[in-house]
Amino acid sequence: MLRKLRIERFKSIFEQEIEFGKVNLFVGPNGAGKSNVLEALGVLAAALSSGLEPTVLDMKGVRLSLPHQFKSAFKNQHLPRTFRLEAVFDHGRYDCSISAGTNRSLLEFATEALYDGDRQVFGRSAHGVKLHSIKSQLPEFRKESFDKTRSVWSLLDPFARISSAFRSELEEFSRFAIYAPQTAIMRGLAVDNRIVEPLGLTGSGLAVALQNVLSEVPSEKLESILKVVWEPGWANQIIIQQHNPDIVPSHVLSEGLVLYIRDRFMRSGRDMLSAFDASEGTLYLIFVATLLAHPRTPKAFGLDNVDGTLNPRLVRNLSKHLVDVVSKADPVEQRQAFMTSHHPSSLDSVDIFDRDQKIFVVSRDKDPKRRGHSDYFALRPPQEMTKADWVEKHGGKNLSELLLSERIPGAL
């Protein structure tokens with residue numbers, strides 16, 4: 001699992017070191033830098049999967065900005081033309097700096113290093129690539145064989161012998177992607193071809209993915225994961241079938257299979273709605289439930305705006321559901337979620353006394369000396385404070401109430 005990420009000179013983040021849990025919720029004002037953390041993770045995952053080509057970044061959910069827009073550009077501050085990411089996993093470490101000058105058409109690696117435990121596997125610099133602990137495994141290695149947009153690991157992965165535990169961590173995190181479901185795509189009014197097995201980043205392929213869940217996931221597990229779909233109260237059945245012209249308008253872009261949702265208050269024969277006509281909140285719930293339930297969902301994933309289109313009660317319930325599924329996952333299937341939210345209700349789903357569950361308050365520092373750097377403050381109780389002490393100190397108020405009464409500095 002990814003334990004720590006150090007970020008330097010990436011967008012609004014000048015220099016931050018963030019320690020993660022299994023569940024990581026980022027809250028704060030618009031423009032504070034919440035999504036920038038997810039994108040830094042997306043760039044890291046791209047580097048570990050194959051490299052920095054735009055198509056790879058796009059499949060991770062990273063916005064395809066011009067290269068120089070990935071790097072910080074604070075006023076009156078001269079910065080190197082690179083940004084840096086250092087990732088610490090349970091069993092090793094990966095470090096890279098990436099060139100992002102105004103004269104570049106693509107992001108390119110400047111340096112890289114991989115450590116299996118304390119043992120360096122390889123290093124990359126302006127002088128080329130140097131093998132360390134795996135030198136004997138690749139006697140015919142050629143330094144010039146590495147394109148600057150390709151990561152060294154993406155080429156050495158099949159040949160290098162490293163610990164199985166660390167290899168598993170790298171493979172799992174290389175599948176990380178940022179999901180941001182969009183109503184138009186889930187309704188079938190637009191198409192997004194970025195389907196990261198098993199589900200599109202913005203909602204494409206939802207009907208097929210849910211059908212896979214219904215056929216592959218054991219019923220006892222399925223019921224607990226999909227229960228959040230029924231929270232709004234009006235729907236009581238979902239079926240997946242071919243396009244039915246009596247229900248689905250002709251201008252809807254169906255992908256073969258279509259979601260149909262039964263409205264329990266409507267009379268028989270008129271009670272089935274396609275995704276086009278169904279509540280957008282229910283579609284969002286179906287998307288997140290499918291993402292959590294599908295056996296081929298990346299073990300580490302980002303969800304930008306977990307509150308989506310939901311009312312406060314549903315935000316709280318969905319967030320709690322997501323926290324429960326991720327934090328209670330079988331150790332063999334250990335998961336890690338990174339979420340952003342603007343809604344106070346999402347805070348109430350996280351137990352800040354649990355080290356695996358973390359809330360980060362994100363703000364842009366207004367101190368002139370800090371020049372608007374994004375700051376990430378981990379919200380946690382004082383050492384030695386018990387839950388009972390916390391309740392007494394705050395008069396029984398939950399975190400959302402403390403936020404709205406501005407007793408969580410920077411969160412608004």
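Just above sits the structure.
Described below are features of the structure shown in this document. Here the structure is a predicted model, which means the values were calculated and not measured. One numbering rule holds for all chains: residues counted from 1, following each sequence as written. Reporting in this predicted model follows two pLDDT cut-offs: at least 70 for local features of residues, and 80 or more for side-chain atom pairs to be given and counted; totals over whole chains, interfaces and linings ignore these cut-offs and use all residues. Only hydrogens and water are set aside when side-chain values are computed; all heavy atoms of the structure are taken into account.

Considering the overall build of the protein
Numbering goes from the N terminus for both helices and strands, where a helix is a DSSP run of H or I of at least four residues and a strand is a run of E of at least two. Each helix and strand in the protein was counted, giving eleven helices and 18 strands. Atoms counted for the radius of gyration: C-alpha only. Globule rule: 2.2 Å times residue count to the power 0.38. For the protein, whose C-alpha radius of gyration is 23 Å, the value lies close to the compact-globule estimate of 22 Å for 412 residues. Projected onto the principal axes, the alpha-carbon positions of the protein cover approximately 75 × 55 × 40 Å. Only protein chains enter the calculation, and the probe is 1.4 Å; a residue is then buried if its accessible area is under 20% of its type maximum, exposed if over 50%, and partly exposed in between. Classification of the 412 residues of the protein by burial places 54% in the buried group. Should any heavy atoms of two residues lie within 4.5 Å, those residues are counted as being in contact. Pairs at least 24 residues apart make up 63% of the contacts formed inside the protein by residues separated by at least 6 positions. In this description, accessible areas are obtained by the Shrake-Rupley approach with a 1.4 Å probe, and a residue is regarded as covered only by the protein chains that are shown. Surface summary for the protein: the accessible area is close to 19200 Å², and the carbon and sulfur share equals 48%. None of His or the chain ends enter the tally, which takes Lys and Arg as positive and Asp and Glu as negative. Every charge is mapped to an atom, namely NZ of Lys, CZ of Arg, CG of Asp or CD of Glu. One finds the centroid of the 53 positive side-chain charges in the protein at a distance of 4 Å from the centroid of its 50 negative side-chain charges.

What to know about the pattern of salt bridges
Salt bridges, as used here, are contacts in which a Lys or Arg side-chain nitrogen is within 4 Å of a carboxyl oxygen on Asp or Glu. In the structure shown here, the tally under the stated rule is 21 salt bridges. Among the ionic pairs, Arg9 bridges to Glu8, the shortest N-O distance being 3.5 Å. Judged by relative accessible area, which is 13%, Arg9 ranks as buried. What you see here is one network of salt bridges that share partners, running through Lys4, Arg6, Glu8, Arg9, Glu15, Glu17, Arg84, Glu86, Arg93 and Asp95.

Some thoughts on the nonpolar core
Membership of the largest hydrophobic core comes to 63 residues, with the highest contact counts inside it found for Tyr179, Leu259, Leu322 and Ile359. The greatest single-element share of this core, amounting to ten residues, is contributed by helix H8 (residues 280-293). Once residues within four sequence positions are removed from consideration, Tyr179 is found in contact with Val196, Leu199, Gly200, Leu201, Phe287, Leu291, Pro298, Phe301, Gly302, Leu303 and Asp304. The next biggest cluster of nonpolar side chains, apart from the first, holds 58 residues, and it includes Phe20, Ala160, Phe166 and Ile178. To define a nonpolar core, start from buried Ala, Val, Leu, Ile, Met, Phe, Trp, Tyr and Cys residues and group those joined through side-chain atoms within 4.5 Å.

Some points on the pairing of strand E17 (residues 357-364)
Regular strands show a simple pattern: their side chains alternate between the two faces of the sheet. Across the eight residues of E17, seven count as buried, placing the element largely inside the fold. Between any two strands, pairing holds if DSSP finds at least two bridges. Of the pairings in the sheet, the one linking strand E3 (residues 23-27) to E17 comprises five bridges and is parallel in character. Counterpart to Val23 in the pairing with E17 is Gln357.

A look at the packing of H8 against helix H9 (residues 312-327)
Following both chains from N to C, one finds H8 and H9 inclined at 5°, their axes separated by 11 Å at the closest point. Viewed along their axes, H8 and H9 adopt a mutual orientation that is roughly parallel. Touching Tyr284, Leu285, Val288 and Leu292 of H8 are Leu314, Leu318, His321, Leu322, Val325 and Val326, all from H9. Any residue that is not Ala, Val, Leu, Ile, Met, Phe, Trp, Tyr, Cys, Pro, Asp, Glu, Lys or Arg is counted as polar, Gly included; the first ten are nonpolar and the last four charged. In terms of residue class, the contact of H8 with H9 is made up of nine nonpolar, one polar and no charged. Only the contacting stretch of a helix is used when fitting its axis, a line to C-alpha atoms as for every element, and angles between N-to-C directions run 0 to 180 degrees. Here roughly perpendicular refers to angles of 65 to 115 degrees, roughly parallel to angles under 35, roughly antiparallel to angles over 145, and oblique to all remaining angles.

Quick word on the sheet that holds strand E5 (residues 92-99)
What the seven strands build is an open sheet, ordered E2-E1-E4-E5-E6-E7-E8; its pairing is antiparallel. Either end of the sheet is taken by a strand with one partner, and the two such strands are strand E2 (13-19) and strand E8 (128-131). Strand-to-strand twist of the sheet, defined as the mean angle between neighbouring strand axes without regard to direction, takes the value 10°. When strand E1 (residues 2-10) meets strand E4 (residues 82-89), the two strands line up antiparallel, connected through six bridges. Residue Ile7 lies in a different strand from E4, and its bridge partner there is Leu85. Helix H1 (residues 34-49) contacts E1, E2, E4, E5 and strand E6 (108-116) of the sheet and is inclined by roughly 105° relative to E1.

Quick notes on the packing of aromatic side chains
Any Phe, Tyr or Trp ring, taking Trp's six-membered ring, that has another such ring centre within 6.5 Å forms a pair; planes under 30 degrees apart are called stacked, those over 60 apart edge-to-face, and the others tilted. Under the definition given, this model contains 14 aromatic pairs. With centroids separated by 6.4 Å and ring planes inclined at 75°, the aromatic side chains of Phe20 and Phe360 adopt a geometry described as edge-to-face. Taken together, the residues span a long stretch of sequence, with Phe20 in the loop between E2 and E3 and Phe360 in strand E17 at a distance of 340 residues. Relative to Trp390, the ring of Phe353 lies with its centre 6.3 Å away and its plane at 90°, an arrangement referred to as edge-to-face.

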